[in-house]
Amino acid sequence: MEADWPLIAVRFALYVTLSGLFGLSAFSLYGLKAGERAAALALRPWLVGSGLLGLLLSVIALTLLAAAMVGTPPWPIDREAIGMLLSGSATGAAWEARMVALVVASIIALIAAGRAAPLGMVALTAGIALATLAWTGHGAMDEGTTGWVHLVADILHLLAAGAWIGALLGLTLLVTRAPGQVDATHLRLTHRALHGFGRVGTIVVGTIVVTGLVNGWLLVGAGNLLNLPSTRYGQLLLAKLALFGAMLGLASLNRFRLMPAFERSIAAADHRGALGTLRRSLAVEAACAVAILALVAWLGTLEPPISAM
């Protein structure tokens, strides 16, 4: 089966955009204080822009999905196929919920992005929007109790991954600030934000691992493990696991080696040295995260090994 590259590309863009919207709004709540958020991260343009882009991408994704469902070209738009998808499927209901959630998130971010209560609403509605992507992949393929377990595991997996990716975005924005705007106050703020994510990161990683094992059991099955390298799905899954392992290694390096070095650089008033190595590590970790999302977008369009049993 030939890959549907336009659909994969839009799925990838949605994963990146909605993960950034949810994760960045959550990170700004637990990583920064009220008076720091807007100035440190330029929060309003990032959140509003992500919300509006998510709306646009969702419309394109619906058009491509409807076209793929009935086997017609995406242009001209098949309104009848879109109507069938919206009115007769859980995927359509999830899409409608996503659109409402993104509109609400964008409006709240526009009028009150820096305060805790409105920002919490942005994180909540962005989390709902991100969770709806579970209905566009394999998370909704099962029925009964197994179906609910799979769906909940997929949603938690998405939210945990989004929290990690959004935190990487927030930290990257902090460490790539223009040199003229970096002073001792900003460095201390960045150090505190790193510590904040270090605490949350343990929960995030644990959630990703547990839900990943559940999804792997339901999508691959123990009997198919040895055959993974011989299938496209298996090759992509193994690549995803390798990248996740690299991200874990980099996160450990940041926490146990680079953060103490960062703290020493702050104490020595070495602003350039404090951020240099940390920037490179975060850049590699973010690149791994983006590659993982690209693989996830592709995997969601392939038949999992368990379907062939």
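One can find the structure itself at the top, above this paragraph.
Residues numbered from 1 in each chain as written. Predicted model: local features only at pLDDT ≥ 70, side-chain atom pairs only at ≥ 80, totals over all residues. Heavy atoms only, no water.

**Comments concerning the overall build of the protein chain**
When you go through the protein chain residue by residue, the secondary structure sums to 10 helices and zero strands. Expected size for 309 residues packed as a compact globule is a radius of gyration near 19 Å; at 20 Å, the protein chain falls within 12% of this value. Counting only C-alpha atoms, the protein chain reaches 65 × 50 × 35 Å along its principal axes. Residues classed as buried in the protein chain amount to 47% of the 309 residues present. Considering only residue pairs separated by 6 or more positions, the protein chain has 77% of its internal contacts joining residues 24 or more positions apart. Surface accessibility of the protein chain: about 14600 Å² in total, with carbon and sulfur atoms responsible for 69%. In the protein chain, 19 side chains carry a positive charge and 14 a negative one; their mean positions are 17 Å apart. (Helix = DSSP H or I, 4+ residues; strand = E, 2+ residues; numbered from the N terminus. Rg over C-alpha atoms; globule rule 2.2 N^0.38 Å. Buried < 20%, exposed > 50% of the residue type's maximum accessible area, 1.4 Å probe, protein only. Contact = heavy atoms within 4.5 Å. Areas by Shrake-Rupley, 256 points an atom, 1.4 Å probe, with all protein chains shown as cover. Lys, Arg positive; Asp, Glu negative; His and termini not counted. Charge placed at Lys NZ, Arg CZ, Asp CG, Glu CD.)

**Concerning the packing of aromatic side chains**
Evaluated as defined, the whole model comprises three aromatic pairs. Considering the side-chain rings of F27 and Y30, the 5.7 Å spacing of their centres and the 90° angle between planes classify their relative orientation as edge-to-face. Taken together, the positions of F27 and Y30, both in helix α1 (residues 5–31) and three residues apart, correspond to about one turn of that helix. Taking relative accessible area as the criterion, F27 reaches 0% and is therefore assigned buried. Overall, the relative accessible area of 27% leaves Y30 in the partly exposed class. (Phe/Tyr/Trp six-rings, centres within 6.5 Å; stacked < 30°, edge-to-face > 60°.)

**Brief notes about helix α3 (residues 43–70)**
Taking 1.5 Å per residue as the helical rise, α3 with its 28 residues ought to reach 40 Å, and the 41 Å between its terminal C-alpha atoms agrees with that figure. Positive backbone phi, approximately 75°, marks G71, located one or two places after α3. (Expected span 1.5 Å × (residues − 1).)

**Section: the side chain of T211**
Its location among the elements puts T211 in helix α8 (residues 184–219). By relative accessible area, which is 6% here, T211 ends up buried. When residues no more than four places from it in sequence are discounted, the contact partners of T211 are A153, L156 and H157.

**Regarding unusual backbone geometry**
Glycine aside, residues mostly have negative phi, and peptide bonds are mostly found in the trans state. With a phi angle near 50°, A42 is a residue other than glycine that sits in the positive phi range. Within the element layout of this structure, A42 appears in the loop between α2 (37–41) and α3. By relative accessible area, A42 is classed as partly exposed at 36%.

**Brief notes about helix α4 (residues 79–87)**
Among all positions of α4, only A81, I82 and L85 are buried. An end-on view of α4 places all buried positions within 100° of arc, on one side of the element. Exposed and facing more than 90 degrees away from the buried side of α4 are R79, E80 and S87. Against the buried residues of α4 lie α3 and α5 (90–112). (Arc of directions from axis to C-beta.)

**Comments concerning the environment of R199**
Mapped onto the elements of the fold, R199 is located in helix α8. C-alpha separation for the pair R199 and S281, spaced 82 residues apart in sequence, amounts to 19 Å.

**Remarks on the environment of I128**
Secondary-structure assignment places I128 in helix α6 (residues 116–131). Residues I128 and L159 lie 31 residues apart in sequence; the distance between their C-alpha atoms is 9.1 Å.

**Things to note about the side chain of S25**
Among the structural elements, S25 can be located in helix α1. Within the structure, the side chain of S25 is placed 2.8 Å from the backbone oxygen of L21, a separation counted as a polar contact. Contact partners of S25, with chain neighbours within four places excluded, come to G20, L47, L119, V122 and A123. (Polar contact = N/O pair within 3.5 Å; in protein donor to acceptor, adjacent residues only side chain to side chain.)

**Focus: the packing of α1 against α3**
Between α1 and α3, whose axes approach to 9 Å, the crossing angle comes to 150°. Here α3 runs roughly antiparallel to α1, going by the angle between their axes. Seen along the crossing, α1 lies across α3 with a hand that is left-handed. (Axes fitted to C-alpha atoms, helices over the stretch in contact; angles between N-to-C directions. Parallel < 35°, antiparallel > 145°, perpendicular 65-115°, else oblique. Left-handed = near helix turned anticlockwise from the far one by under 90°.)

**Remarks on the nonpolar core**
Buried together is how nonpolar side chains tend to be arranged in soluble globular proteins. By size, the foremost hydrophobic cluster in this structure holds 76 residues, and its most contacted members are F27, L41, L47, W164, L171 and L174. Tallying contributions element by element places helix α7 (residues 144–175) first for this core, with 13 residues. In contact with L174, other than residues within four places in its own chain, are F27, A40, L41, H186, L189, T190 and A193. V220, L228, Y233 and L302 belong to the second-largest nonpolar core, a separate cluster that totals nine residues. (Core = buried A, V, L, I, M, F, W, Y, C linked by side-chain atoms within 4.5 Å.)

**Remarks on a nonpolar patch on the surface**
Together, V103, I107, L110 and I111 make up a nonpolar patch on the protein surface, roughly 380 Å² of accessible area in all. With respect to the element layout, L110 can be found in helix α5. (Patch = residues over 30% accessible without salt bridge, like charges linked within 9 Å, V, L, I, M, F, W, Y side chains within 5 Å. Salt bridge = Lys/Arg side-chain N within 4 Å of Asp/Glu carboxyl O.)

**Here's the deal with the environment of S50**
Along the chain, S50 falls in helix α3. On a C-alpha basis, the gap between S50 and S19 in space is 9.4 Å, while along the polypeptide they are 31 residues apart. Not counting residues within four places of it along the chain, the set of residues in contact with S50 comprises T17 and L21.

No statement about biological role is implied by the geometric values presented.
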